[in-house]
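# Architecture and fold: a report
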Amino acid sequence: MTGATVTVPTGDYGDVTIPEPSWCLGLHPFEQYRVDITHEGEEVFPLIPTLCHGEAPTLSVSLIQRPFSAHRSQVVASMHLDGDWHELDSALLDRAASVLVEHATTLRHLARKLASLEVQR
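This section reports on the structure supplied with the text. Treat the numbers as computed from the prediction; the structure is a model and nothing was measured.

Cut-offs used in this document
Residues numbered from 1 in each chain as written. Predicted model: local features only at pLDDT ≥ 70, side-chain atom pairs only at ≥ 80, totals over all residues. Heavy atoms only, no water. 1 Å grid on protein atoms, 1.4 Å probe; cavity = no way out; pocket = protein on both sides within 12 Å on 5 of 7 lines; lining within 4 Å. Points joined across faces, edges and corners; volume = space filled by probe spheres on them. Nonpolar A, V, L, I, M, F, W, Y, C, P; charged D, E, K, R; others polar. Buried < 20%, exposed > 50% of the residue type's maximum accessible area, 1.4 Å probe, protein only. Helix = DSSP H or I, 4+ residues; strand = E, 2+ residues; numbered from the N terminus.

Here we take up the layout of surface pockets. Where empty space is left in the structure can be found by rolling a water-sized probe over the atoms. Size it by volume and the largest pocket reaches roughly 170 Å³. Lining the largest pocket are Leu-25, Thr-38, Glu-40, Gly-41, Glu-43, Ser-62, Ile-64, Arg-66, Ser-78 and Trp-85. Looking at the lining of the largest pocket, its residues break down into three nonpolar, four polar and three charged.

In structure tokens:
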């Protein structure tokens, strides 16, 4: 944090001034409820080239924080998986990275198998 603040208009608490993390993009529209105020970091994702749609984004992830959430107010990673957004702490994000590294081995094996099938045509 740099000491910067942001004021977010809300329906239930009026203008709410809160610390603004340095990683937050600063996009804070009106929120009906203070509990819905969210700090959002840059969304990052790899682009995978496809035959049918060109480059397709996958596994979007960003940092988020809901400072007034009764459930979880700390900073977490939010990752788009299985059609929904899921929150991960640092340990789960590291575990996800390990799973993806292992899965990359499977993708490489399939790519080699596919290449041999393409040659047989």
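For Leu-59, which is not glycine, the phi dihedral falls at a positive 50°. Given a relative accessible area of 26%, Leu-59 falls into the partly exposed group. Located in the positive-phi region is Asp-82, a residue other than glycine, with phi close to 55°. Of note, Asp-82 is situated in the loop between strand S7 (76–81) and strand S8 (84–88). On the basis of relative accessible area, Asp-82 is assigned to the exposed category, the value being 80%.

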